[in-house]
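Observations on the model geometry
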Amino acid sequence: MAAMSNPCAPMGARVGGSPLSSGCSSSALRFNVKSAKSVSFSFGEVLGCDGGAPLSIGIKTRVVPWRTLKLQSPAPSSDQHSSSTALRCLGTLGQNTLKALVDEATGTSTDEKQYSLELQEDEELLKKKAALVVQQLAGSCIFLVGMMGSGKTTVGKHVSEALGYYFFDSDKLVEESRGKTVAEMFRYGREEEFRNAESEVLEQLSSMVRLVVATGGGAVVRPENWSYLRHGITVWLDVPVDSLAERVVAVGCHSRPLLGVQAHDSAYKQALERLTHILQERADFYASADAVVSVEELARKRGQDINSITPTMIAVQVLEEISKMLERGDRDPSLQY
């Protein structure tokens, strides 16, 4: 009986998705339930697409007895034809053996292939989500708000690229307009100058369309700024404060003037205490955003550690939350506030 094949990657990778078929060379794996006694693995390099069909070279096929994989439970019968069922039959020893076979055949790490596959799937999902949301937005701007270190700039660039929007970082625009860095303005007691310049920048951006803007962490505190932010859609990137502390210490606290943290062994503890205090002061303002993306909740739903959540994953969730908000009719993107 012929077997139905499903592309997959072993050891925790997704089962039942489409084989990779991007323009760049990437590893492809097909998993076939051959019979109740054996399985077949086919490997190749996907070089591109021709009318949706992948073009492959260097195909290698290996038939492996179930006995070799040290099954934890009986093998699926040939009439089940299920890759996912077959993988569930593998115990830890079988999965490790399977990993070794795949690595040997492709010459790369299974973990690397799995990560590459998942990253590409997230990027494709972001493109598809953006194609739907861009119509709902009707040109309305997106303003990302949140604490320092929450990833507003990085995530904003992913969102803007997917939507075909322009991207701006309000802090960078302030620095260009004043000829000083944000850190320098704070260092010399010119926070009021910075806040005034920030409001001016947001006012100018609010009159435009098709923008994604990463705002400064404290932009939400000024009521005046909300009159500008409401011209678009605001999204709060909510990241746990301990993760924020780890991020800002890792990149250096010198660029975070509000922290007042020195670079030494207790930097993390100081940053955590200071960030906790700042978040307490701003939480209600952030909560006024039109949509919220909780990175902690996103990690929980995906069954992943929060540090493994990529900007692409967050960007997808940003568009998902915006779409749900617009579908509920909470905001009309064509209105100017």
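Below is a summary of the structure that appears in this document.

Cut-offs used in this document
- Residues numbered from 1 in each chain as written.
- Predicted model: local features only at pLDDT ≥ 70, side-chain atom pairs only at ≥ 80, totals over all residues.
- Heavy atoms only, no water.
- Core = buried A, V, L, I, M, F, W, Y, C linked by side-chain atoms within 4.5 Å.
- Buried < 20%, exposed > 50% of the residue type's maximum accessible area, 1.4 Å probe, protein only.
- Helix = DSSP H or I, 4+ residues; strand = E, 2+ residues; numbered from the N terminus.
- Contact = heavy atoms within 4.5 Å.
- Salt bridge = Lys/Arg side-chain N within 4 Å of Asp/Glu carboxyl O.
- Bend = angle between axes of the 7 residues up to and from the residue.
- Pairing = 2+ DSSP bridges.
- Axes fitted to C-alpha atoms, helices over the stretch in contact; angles between N-to-C directions.
- Parallel < 35°, antiparallel > 145°, perpendicular 65-115°, else oblique.
- Left-handed = near helix turned anticlockwise from the far one by under 90°.
- Nonpolar A, V, L, I, M, F, W, Y, C, P; charged D, E, K, R; others polar.
- Phe/Tyr/Trp six-rings, centres within 6.5 Å; stacked < 30°, edge-to-face > 60°.

So, about the nonpolar core. When a protein is soluble and globular, its nonpolar side chains tend to lie buried together. One finds Leu-137, Ile-142, Val-159, Val-235, Ile-314, Val-318 and Ile-322 to be the most contacted residues of the largest nonpolar core, which totals 62 residues. Looking at which element gives the most residues to this core, the answer is helix 12 (residues 311-328), with nine residues. What Ile-314 contacts, discounting residues up to four positions off in sequence, is Val-155, Leu-237, Val-293, Val-295, Leu-298 and Ile-309.

Attention shifts here to unusual backbone geometry. If you check the backbone angles, Ala-138 has positive phi at about 55° while not being a glycine. Mapped onto the elements, Ala-138 comes out in the loop between helix 3 (110-137) and strand 5 (142-145). We note that Arg-210 has phi near 55°; this positive angle belongs to a residue other than glycine. Looking at where Arg-210 falls in the secondary structure, it is placed in the loop between helix 7 (191-206) and strand 7 (211-214).

As a further point, take the pattern of salt bridges. Taken as a whole, this structure holds 14 salt bridges when the rule is applied. Lys-172 is the salt-bridge partner of Glu-175, the closest N and O atoms lying 3.9 Å from each other. Placement of the pair is Glu-175 and Lys-172 together in helix 5 (residues 170-178), with a separation of three residues, close to one helical turn. Put simply, Arg-178, Lys-180, Glu-193 and Glu-200 are held in one network by salt bridges that share partners.

Bringing the side chain of Thr-312 into the picture now. Tracing the sequence through the fold places Thr-312 in helix 12. In this view, Thr-312 contacts Leu-119, Asp-122, Glu-123, Leu-126 and His-158; residues no more than four positions away in its chain are not counted.

On to helix 10 (residues 267-286), then. By the largest-angle criterion, Gln-280 marks the main kink of helix 10, which is about 40°. Turning to helix 10, its buried residues number three or more, namely Ala-267, Ala-271, Leu-275, Ile-278, Arg-282 and Tyr-286.

Here we come to the sheet that holds strand 6 (residues 166-169). The strand order 6-7-5-8-9 describes an open sheet built from five strands, whose pairing is parallel. In this open sheet, the two edge strands, each paired with only one partner strand, are strand 6 and strand 9 (291-294). Pairs of neighbouring strands in the sheet enclose a mean axial angle of 20°, with direction left out of account. Sheet topology note: the strand 6/strand 7 ladder contains four bridges and is parallel.

As a further point, take the packing of helix 5 against helix 7. Two numbers describe how helix 5 lies on helix 7: the axes approach to 9 Å, and their chain directions differ by 110°. Classified by the angle between their axes, helix 5 and helix 7 sit roughly perpendicular to one another. For the element pair helix 5 and helix 7, the recorded crossing hand is right-handed. The residues of helix 7 that touch helix 5, namely those facing Ser-170, Asp-171, Leu-173, Val-174 and Arg-178, are Glu-193, Phe-194, Ala-197, Glu-198, Glu-200, Val-201, Leu-202 and Leu-205. Residue composition of the contact of helix 5 with helix 7, by class: seven nonpolar, one polar and five charged.

Glancing now at the packing of aromatic side chains. Tallied over the full model, the rule gives two aromatic pairs. Between Phe-186 and Phe-194, the aromatic rings sit 5.4 Å apart at their centres with planes inclined by 55°, giving tilted as the arrangement. Relative accessible area serves as the criterion here: at 15%, Phe-186 is assigned to the buried category.

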